[in-house]
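Observations on chain architecture
Spelled out from the first residue to the last, the chains are:
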Amino acid sequence: MSKSLSWDDLKCDIQPWIRTAIDSMGFETMTPVQASTIPLFSGNKDVVVESVTGSGKTIAFVIPILERLIKEGANSANFKKSHFHSLIISPTRELASQIHNVIEEFLKYYPDDLYPIRSQLLVGTSSSSVRDDINNFTDNKPQILVGTPGRLLDFLQKTNVKTSSCGAVVLDEADKLLDLNFHKDVETILKMLPKQRRTGLFSATIESAGTQIFKTGMRNPVKVAVKSHSSAPSSLSINYIVVSPKDKLQLLLTLLNNYRFKKCIVYFPTCISVTYFYAFINHLKEQGLVKDDLKLFSLHGKLQTGSRMKTLDSFTSNLTDSVLFTTDVAARGIDIPDVDLVIQLDPPTDSDIFIHRCGRTGRANKIGKALVFLNEGREEDYVPFLEVKNVVLEEEVVELKPVDNLMSKFHEWILQDRARFDHSVRSYVAFMKYYSKHTASSIFRFQTMDFIGIAKFYGLLRLPRMPEITRYASADQIPDEGWLVSPPVDLDNFAYVDKQKEKARLQELKDLKQLNDKKKLKSQLKKKNMAWSDKTLSKEGKAERRAAMAVKRKAIEEKLLQEDGESEGEVEQDWKDLVRQSKKKKHNPVQGSFDDL
């Protein structure tokens, strides 16, 4: 044991009950990030902490939060009503829940004869509203709040909540919280808090936040960077497998059936693909083609919060071999014991997420293995690309042990219900959308994509009409009418198992057949078959027009108010009437409308 990493050698005093909790929870020694961060953050320093995934960053800020809370007297009956002392912000509900559980685990050892320390979890759920959170806050008087940006912002804006006593704030996975998706909410929250507070930013990839960290209001922060030759912990081996896209499903089944693991996480690119493959692989399990003792779980961002939490708890507590199919919603910070295998069916769109995904295994010096599938060809350049970021991958060769007639079984399963056919197409299209967002665009390019191979991986019966395929796939690649099965399926008689859906489909088919006007029919079909990229552009155009109209409306309303103040005797005009009149007066020498160009 290194003497410097002994809890007895921590360079600051900690409460006896916190030390008891540390011993009881099995943390025999500190990790380097804990030894460096706890004294600084418990004292009077703001910290920016970067350390490899699985290195104990949660404990590194939970202990200082508890220490500061006691030092500043927030654990007394005199602490102001409707106030709180510490705020911990997390990008996902699952991570927020996990942090809250760690705090509660420590508080089990807090002395009963002292004024209680309480924490409250604030995440959006269908079963709990902001009003419910306010009622719980008023009744329980928690000093520590843990939550996600959206719900926290709604909560803090209520008049029942006072922010002036907040003495510490932590941004866990800070680079994610400061990116485009969250930074506005996070900035608004930070502006509501006192300037004289302590701030801690924690992440494995904090450098990617760039200059955004200066917007968090830190005062002369100390950077704690626990560096190593690799961005991954030494107990984690990261490997890649080069595979033909059409063989990806066979390779996944080979790994699930033949690799030894306790818990495995499989990352899919999109929510719809998680639902789709979870259903099909469960079907294969029923057919005896997947190990009997393997328990399957699915988790993604489109599920209700209650379902997500329940699934995560079930996967964590399950004692048999188990697999979690998920998206990047479970990529950051989640600490699930006994995960010893991570499989990525496709690299993530952001290379920083790659190490976060891999870091779900090999945590706290336990052995772990991470595998990523790379499609043959250009995607193999991803290996040297990651080496520049100090992530070293080694090639692994796996002998396929194929399931006999897998593609036939896949198609038979899809043909049982038109909803599965819809899912296959939607999964394929969603993947194309996902692929287009890769930051390493020189590697992940449509020009080199195997459209047919990927379609076979998704079990497609027919290629959808997509501009990406038309533009980049060669004519000899695309089969007649796009059909990948022979004979083609009669789509007019391909029914949904769901009676309501089938009734609606038949009605729509009937309505289309009754359209005598060929132009109208063509318009209806064009709208129905619009590409996702066109829909996105259309939405963006509408949003821009709405924003422009809002500015115009505001200017007109201000003009009306000004005119109303100048001449009280005049009859008020509606601003819309004013717009109509101004349009009539204008002479436009150019015919036609160019609004949509």
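Report on the accompanying structure. Given the structure is predicted, the values throughout are model-derived calculations rather than measurements. (Residues numbered from 1 in each chain as written. Predicted model: local features only at pLDDT ≥ 70, side-chain atom pairs only at ≥ 80, totals over all residues. Heavy atoms only, no water.)

Okay, empty space enclosed by the protein next. A full pass over the atoms with the stated rule returns 1 cavity of 30 Å³ or more. Forming the boundary of the largest cavity are Pro245, Lys248, Asp346, Asn375, Phe431, Ile454, Phe457 and Tyr458. Here the residues of the lining of the largest cavity are counted per class, giving 5 nonpolar, 1 polar and 2 charged. (1 Å grid on protein atoms, 1.4 Å probe; cavity = no way out; pocket = protein on both sides within 12 Å on 5 of 7 lines; lining within 4 Å. Points joined across faces, edges and corners; volume = space filled by probe spheres on them. Nonpolar A, V, L, I, M, F, W, Y, C, P; charged D, E, K, R; others polar.)

Of note, His85 is situated in the loop between helix H3 (57-71) and strand S2 (86-89). You can call His85 buried: its relative accessible area is 2%. Polar side-chain contacts of His85 include one of 2.7 Å to the side chain of Ser86. The contact partners of His85, leaving out residues within four places of it in the chain, are Arg68, Leu69, Glu72, Ala74, Phe79, Gln143, Ser165, Cys166, Gly167 and Ala168. (Helix = DSSP H or I, 4+ residues; strand = E, 2+ residues; numbered from the N terminus. Buried < 20%, exposed > 50% of the residue type's maximum accessible area, 1.4 Å probe, protein only. Polar contact = N/O pair within 3.5 Å; in protein donor to acceptor, adjacent residues only side chain to side chain. Contact = heavy atoms within 4.5 Å.)

Of the consecutive residues Ser486 and Pro487, the connecting peptide bond is found in the cis state with omega at 0°. Tracing the backbone shows Pro487 in the loop between helix H17 (467-472) and helix H18 (499-513). Unusually for a residue other than glycine, Glu173 sits at a positive phi of about 55°. Within the element layout of this structure, Glu173 appears in the loop between strand S5 (168-172) and helix H7 (174-177).

Under the counting rule described, the total for this entry stands at 30 aromatic pairs. Relative to Phe410, the ring of Phe277 has its centre 6.3 Å away and its plane inclined at 55°; by these criteria the two rings are tilted. Here the residue Phe277 occupies a position in helix H10 (residues 271-286), and Phe410 occupies one in helix H14 (residues 406-414), the gap between them amounting to 133 residues. In this pair, the class of Phe277 matches that of Phe410, namely buried. Between Phe457 and Tyr458, the aromatic rings sit 4.9 Å apart at their centres with planes inclined by 65°, giving edge-to-face as the arrangement. The buried category is assigned to Phe457, whose relative accessible area is 4%. Relative accessible area serves as the criterion here: at 1%, Tyr458 is assigned to the buried category. Across from the ring centre of Phe261, 5.3 Å away, lies the NZ or CZ of Lys291, which sits over that ring. (Phe/Tyr/Trp six-rings, centres within 6.5 Å; stacked < 30°, edge-to-face > 60°. Lys NZ or Arg CZ within 6 Å of the ring centre and 35° of its normal.)

Ranked by size, the top nonpolar core spans 133 residues in total, and within it Phe106 and Tyr428 carry the most contacts. Counting residues per element, this core draws most heavily on H3, which supplies 9 residues. Counting contributing residues, this core receives three or more from each of domain 1 (7-225) and domain 2 (236-395). Once residues lying within four places of it in the same chain are set aside, the contact partners of Tyr428 are Phe451, Ile454, Ala455, Tyr458, Leu460, Leu463, Pro464, Met466 and Ile469. (Core = buried A, V, L, I, M, F, W, Y, C linked by side-chain atoms within 4.5 Å. Domains from an automatic or database assignment.)

Let's shift gears to the environment of Ala430. Positionally, Ala430 belongs in helix H15 (residues 418-435). Along the sequence, Ala430 and Ser273 sit 157 residues apart, while their C-alpha atoms lie 8.3 Å from each other. Dropping the residues within four chain positions of it, Ala430 is found in contact with Thr270 and Ile272.

To continue, consider H3. Side chains of residues three or four places apart in an α-helix project in the same direction, reflecting 3.6 residues per turn. Taking 1.5 Å per residue as the helical rise, H3 with its 15 residues ought to reach 21 Å, and the 22 Å between its terminal C-alpha atoms agrees with that figure. Most of H3 is tucked away, with 14 of its 15 residues classed as buried. (Expected span 1.5 Å × (residues − 1).)

Below, the discussion takes up the sheet that holds strand S12 (residues 339-344). As a general point, the strands of a sheet are linked pairwise by backbone hydrogen bonds and lie either parallel or antiparallel. If you walk across this open sheet you meet the 7 strands as S10-S11-S9-S12-S13-S8-S14, and the pairing is parallel. The outermost strands of the open sheet, each flanked by one partner alone, are strand S10 (295-299) and strand S14 (394-395). Note that strand S8 (residues 236-243) and strand S13 (residues 368-375) share 8 bridges and pair parallel. Bridging across to S13, Ile238 finds its partner in Ala370. Sheet strands in contact with H10 are S10 and strand S11 (322-326), and its direction is about 170° off that of S10. Here helix H11 (residues 305-317) sits on the sheet in contact with strand S9 (263-267), S10, S11 and S12, set at roughly 150° to S10. (Pairing = 2+ DSSP bridges. Axes fitted to C-alpha atoms, helices over the stretch in contact; angles between N-to-C directions.)

Where a strand is regular, its side chains alternate between the two sheet faces. Residues Ser86 and Ile88 point to one face of S2 and Leu87 and Ile89 to the other, with burial holding for every one of them. The pairing of S2 with strand S4 (residues 144-147) spans 4 bridges and is classified as parallel. Paired with Ser86 across the bridge in S4 is Ile144.

Running from N to C, H10 and H14 cross one another at 110°; their axes reach a closest spacing of 11 Å. Classified by the interaxial angle, the pair formed by H10 and H14 is roughly perpendicular. In the crossing of H10 with H14, the sense of the turn from one axis to the other is right-handed. Contact residues: H10 offers Tyr276, Phe277, Ala279, Phe280, His283 and Leu284, while H14 offers Leu406, Lys409, Phe410, Trp413 and Ile414. Among the residues forming the contact of H10 with H14, the class breakdown is 9 nonpolar, 1 polar and 1 charged. (Parallel < 35°, antiparallel > 145°, perpendicular 65-115°, else oblique. Left-handed = near helix turned anticlockwise from the far one by under 90°.)

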